[in-house]
Each structure stands twice: as structure tokens, then as C-alpha cells.
Amino acid sequence: QVQLVESGGGLVQAGDSLRLSCAASGRTFSAYTMSWFRQAPGKEREFVATITWNSRPDYADSVKGRFTISRDNVKNTVYLQMNNLQPEDTAVYYCSARIGTYKYRRDDEYDYWGQGTQVTVSS
């Protein structure tokens, strides 16, 4: 069992940056692939970024070059650095985890989810 607590969301202007944090509690954090998904009003939850136990990342095309996912296996924390935010990035951002070694991109491949944190980007 893993519990995930997110922080760092907020209201920013286009072009600004935010860093989201996800603190995990549970056994053997380093055994989990971690990811970020997001969901905008009226839309399905979509993949944003994932990172394996040994820090191999993967990104959705819409955020490549702007977002960076990272993890600290000592602090049991995963981060999402978001630069040059745009209004289309507005969504609730969710941290997720699953046991494994691959860069999973489907939401139904993940077992544990955080409560979500709101990111709003104004024009």
C-alpha cells in the first residue's frame, strides 16, 4: 500500500513556472514506477510524464521540452517541474504509482493515486 500526497499547484500566468511535489509513504518506494496525469474539465485523464525506478523518463508530446519529471528515492518524492506554462495546461494534476520497471503510460496500469492538485494558467 502506497499513500501519495501532492503539493505545489496554484494560479499562474502564461509563461510562468511551477514545481509539483508528490510525497509517498509505503514500502520500497524505489520499486515503483511513478507518473503524473492530468484531467481538465470535460476531458478524460491524460498522461503527462513517467519515471522509472532508475530515473528513466518519458513525456507526452504536448509537454516535451517544457516539463521535467524527477525523483528522489531517499526522500520518497517525485517532482514535476513545469516551465513556460500555457492555458491549455490548466487541469487537476495527479501523482500515481505502480510496482514495475517500465515507463507505463496508461492510467489503468497504475494502482495508487494522489488526491490531485489544481494548476490554473491564465492568459
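This text gives an overview of the structure that appears in the document. (Residues numbered from 1 in each chain as written. Predicted model: local features only at pLDDT ≥ 70, side-chain atom pairs only at ≥ 80, totals over all residues. Heavy atoms only, no water.)

As for the overall build of the chain
Here is step 1: Counting secondary structure elements, the chain contains 0 helices and 11 strands.
Here is step 2: On C-alpha atoms alone, the chain measures out to a radius of gyration of 13 Å, which is about the 14 Å that the 2.2 N^0.38 rule sets for 123 residues.
Here is step 3: Projected onto its principal axes, the C-alpha coordinates of the chain cover approximately 40 × 25 × 25 Å.
Here is step 4: Across the 123 residues in the chain, those meeting the buried criterion constitute 44%.
Here is step 5: Contacts in the chain between residues at least 24 apart in sequence constitute 61% of all its contacts with a sequence separation of at least 6.
Here is step 6: Accessible surface computed for the chain: about 6,400 Å², of which carbon and sulfur atoms make up 45%.
Here is step 7: Charge separation in the chain, taken as the distance between the mean sites of 14 positive and 13 negative side-chain charges, equals 6 Å. (Helix = DSSP H or I, 4+ residues; strand = E, 2+ residues; numbered from the N terminus. Rg over C-alpha atoms; globule rule 2.2 N^0.38 Å. Buried < 20%, exposed > 50% of the residue type's maximum accessible area, 1.4 Å probe, protein only. Contact = heavy atoms within 4.5 Å. Areas by Shrake-Rupley, 256 points an atom, 1.4 Å probe, with all protein chains shown as cover. Lys, Arg positive; Asp, Glu negative; His and termini not counted. Charge placed at Lys NZ, Arg CZ, Asp CG, Glu CD.)

Remarks on the sheet that holds strand E8 (residues 77–82)
Here is step 1: Reading across the sheet, the 4 strands line up as E1-E3-E8-E7 and stay open at both edges, with antiparallel pairing between neighbours. Looking at strand neighbours, the two that pair on one side only are strand E1 (3–7) and strand E7 (67–72), the edges of this open sheet. Ignoring strand direction, the axes of neighbouring strands in this sheet form an average angle of 15°.
Here is step 2: Looking at chain direction, strand E3 (residues 18–25) and E8 are connected through 6 bridges and run antiparallel. In the strand pairing of E8, cysteine 22 is matched with valine 78. (Pairing = 2+ DSSP bridges. Axes fitted to C-alpha atoms, helices over the stretch in contact; angles between N-to-C directions.)

Regarding the pairing of strand E9 (residues 91–99)
Here is step 1: Bridge count for strand E4 (residues 32–39) against E9 is 8 bridges, and the pairing is antiparallel. For arginine 38, the partnering residue across the bridge sits in E9 and is tyrosine 93.
Here is step 2: Here E9 pairs with strand E11 (residues 117–122) via 3 bridges, running antiparallel. Residue alanine 91 lies in a different strand from E11, and its bridge partner there is valine 119.
Here is step 3: Of the pairings in the sheet, the one linking E9 to strand E10 (residues 112–113) comprises 2 bridges and is antiparallel in character. Residue pairing for E10: serine 96 is matched across the bridge by tryptophan 113.

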